[in-house]
Amino acid sequence: MKWLTKTIKFILIGMVIFFFLFPVYWLVTTAFKRSEDWFTWPPSFFPQHWTLGNFLGLEGGFFGSVTTAISTITPYLINSIVIALSVALISTIIAALAAYAISRFKVGGMGFVSWIISIRMLPPIAAALPLYVIFSHLHLVDTWWALILSHLIFTTPFSTWILITFFNEIPQELDEAAFVDGANIGQTFWHITLPLSAPGLASVSTLAFIQSWGEFLMALVLTTSKNAQTLPIYLGRFITGWRIAWGPLAAAGLVTMLPVVVFSLLMQRYLLQGLTFGAVKG
Amino acid sequence: MMNSKKRKRTGFLLILPLLILFLGLTIYPLIYMIYMSFHQYSLASWEEPRFIGWENYREILRDRTASSSVSFTLFLLFTAVPLEILLGIGIAFLIRDVWGERALRSSLIIPMTIPPVVAGIAWKMLYNYEFGPINYFISLFGLPKVSWLGSQFFARLGVLLIDVWQWTPFIFLVIYAGLQSIPRDVVEASLVDGASGWSAMRYIELPLLRPLIWVTLIIRVIDVLKLFDIVYMVTFGGPGSATHSYSFYIYKVGISFGWDVGYASALSVILLLVVTILTNLLIRFLRLSETLGL
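Residues numbered from 1 in each chain as written. Chains lettered and ligands numbered in written order. Predicted model: local features only at pLDDT ≥ 70, side-chain atom pairs only at ≥ 80, totals over all residues.

A. Summary view of the overall build of chain B. Counting its secondary structure elements, chain B contains 14 helices and 2 strands. Taking 294 residues into account, the globule formula puts the C-alpha radius of gyration at 19 Å, and chain B, at 24 Å, lies well above it. Overall, the C-alpha framework of chain B stretches about 80 × 75 × 30 Å when taken along its three principal axes. Across the 294 residues of chain B, 41% fall into the buried class. Considering only intrachain contacts with a sequence separation of at least 6, the fraction spanning at least 24 residues in chain B is 68%. (Helix = DSSP H or I, 4+ residues; strand = E, 2+ residues; numbered from the N terminus. Rg over C-alpha atoms; globule rule 2.2 N^0.38 Å. Buried ≥ 20, exposed ≤ 12 C-beta atoms within 10 Å, placed from the backbone. Contact = placed C-beta atoms within 7 Å.)

B. View of the interface of chain A and chain B. Listed per partner, the contact involves 81 residues of chain A and 79 residues of chain B. By residue number, the principal contributor to the side of chain A that touches chain B is helix H1 (residues 2–31) of chain A, which donates 12 residues. Residues belonging to the side of chain A that touches chain B are distributed by class as follows: 61 nonpolar, 17 polar and 3 charged. (Nonpolar A, V, L, I, M, F, W, Y, C, P; charged D, E, K, R; others polar.)

C. Broad picture of the confidence of the model for chain B. Residues and elements named next belong to chain B. A residue-level look at chain B finds 97% of positions with pLDDT of 70 or above and a mean pLDDT of 88. No element of chain B has a lower mean pLDDT than helix H14 (residues 288–292), at 69, and none a higher one than helix H3 (residues 64–95), at 94. Here the predicted complex scores 0.91 on pTM and 0.89 on ipTM. (pLDDT = per-residue confidence, 0-100.)

D. Region of the structure containing unusual backbone geometry. Residues and elements named next belong to chain A. Phi at Lys 106 takes a positive value of approximately 55°, unusual for a residue other than glycine. Mapping Lys 106 onto the fold places it in the loop between helix H3 (70–105) and helix H4 (109–121). Note on Lys 106: 16 C-beta atoms within 10 Å, which makes it partly exposed. In this structure, Asp 142 takes a positive phi of about 65° despite not being glycine. When you line up the elements, Asp 142 lands in the loop between helix H5 (124–137) and helix H6 (144–169). Since 17 C-beta atoms lie within 10 Å of it, Asp 142 is described here as partly exposed.

E. The arrangement of the environment of Phe135(A) in detail. Within the secondary structure, Phe135(A) sits in helix H5. For the pair formed by Phe135(A) and Ala146(A), sequence separation is 11 residues and the distance between their alpha carbons is 6.8 Å.

F. Broad picture of the packing of H6(A) against helix H1 (residues 4–36) of chain B. At a minimum axis distance of 10 Å, the contact between H6(A) and H1(B) shows a crossing angle of 135°. For the element pair H6(A) / H1(B), the angle class is oblique. Crossing of H6(A) over H1(B) shows left-handed handedness. On H1(B), the residues that touch Leu149(A), Leu152(A), Ile153(A), Thr156(A) and Thr160(A) of H6(A) are Leu18(B), Leu21(B), Leu25(B) and Thr26(B). Class assignment for the residues of the contact of H6(A) with H1(B) results in 6 nonpolar, 3 polar and no charged. (Axes fitted to C-alpha atoms, helices over the stretch in contact; angles between N-to-C directions. Parallel < 35°, antiparallel > 145°, perpendicular 65-115°, else oblique. Left-handed = near helix turned anticlockwise from the far one by under 90°.)

See below:
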């Protein structure tokens, strides 16, 4: 009996892995397939020839619609990097200050924290249209700032949340000892709390970075040209048409997803805390 | 030590940047949206907003596409979400104590970490009618190819499948972490007392996980209401309006096809009301005062 349950268990695990990882496998292999292998029957599950051409813009020139040649993707890549870095930096600073106040001084109490959660849960589409109107009055549409500001709405509550739990874990006695020795709040925050919470700050800024990096809806609504469009928009633009140049599109997708997947896996614990508002410690 | 007045002032100064950010970026848009929902206003015309009372809201009740988007959203809520929760719990129990569970866990959560836009590309390739691997697998069983994104039924099923693929890992991860936090000796004691592994799971572990299951359930329901990226990338709401998620429909009305700010605002206000109710429910289940020590 025992071997039977064991066998069933392994078969089930195999099926689960296949279902969840096959789409990833398909994307990754397609990114390295030569154009002859994009449209074949049966589909090519194990490509015989691997190529870097999709990344360099050498494959599938006859499609003319999409290319990942470094020169075309560069503006989008730069926008993505600048926006995500700024979002990471600004949201971490704002969140750290607020989280410190909530953790140490209990500012606002439950009501304030609940408000932060509701902003985190806000449907982006509901914010996008009003923001578009406001930003067009301020001449911010199609600029980096439009995306930085709109991404902050979602990253800051997330970061604040994780940092509150983080600051709570640092014993308050340390602060008090510093006060007794004559330090003021600024000095205490700077010399005691900040160094101790460096890992937390590093994780929330990384998570803010990847949230901004992969964000699609705000970027779709608030940008109109390659002045500010990010990688996800670049990808979204080229998925129409009756025959899509799969290789380059998969390659660009791989470039877009790689930093996100790697960092998310490294930050699993904090990702989970932020996603469930601390319901799980991870 | 600082006196309490000074503490209060410092605390307030520290949250000030966050307050300004949120007041500017959420409160003002919210007021704008509620205001516009009672007006006829389109960015596509030069006319000024005109007050029309509840007309936009009445229009929602008459609008066939709106009700179709509600029905698609309900379809996902009653199929995808329960399926994800059952699968997530099942997988968490399945892979614990298996050799290499850490590696297994990490690889299983990859789908939820991939940006939805990229996931959309991957699935659009898989669903391809002529050359897609899914149709190939189907043909191995001697069945005819399926036009995944071409028919109403299969397009809806297609979006459902992607959602399950993407978000079961989230439930799994939460439940798995929850299982780890249940003290080992509680379960072991029951096993010593003669309980089978199955009944320990049924009567001890699952009840302890119940609050967590509620939390994930509510978060998932809210996420389905926000569903947009996958629909945009894979089906663009089609065929017809079969896979218009509620958020996608707002996008279509308000931005891509009409710039009808008034009507889109009314649709958004309804969405916000529902999400607010759900969020309050969520907050109750989170037991914030315990986790945060407030």
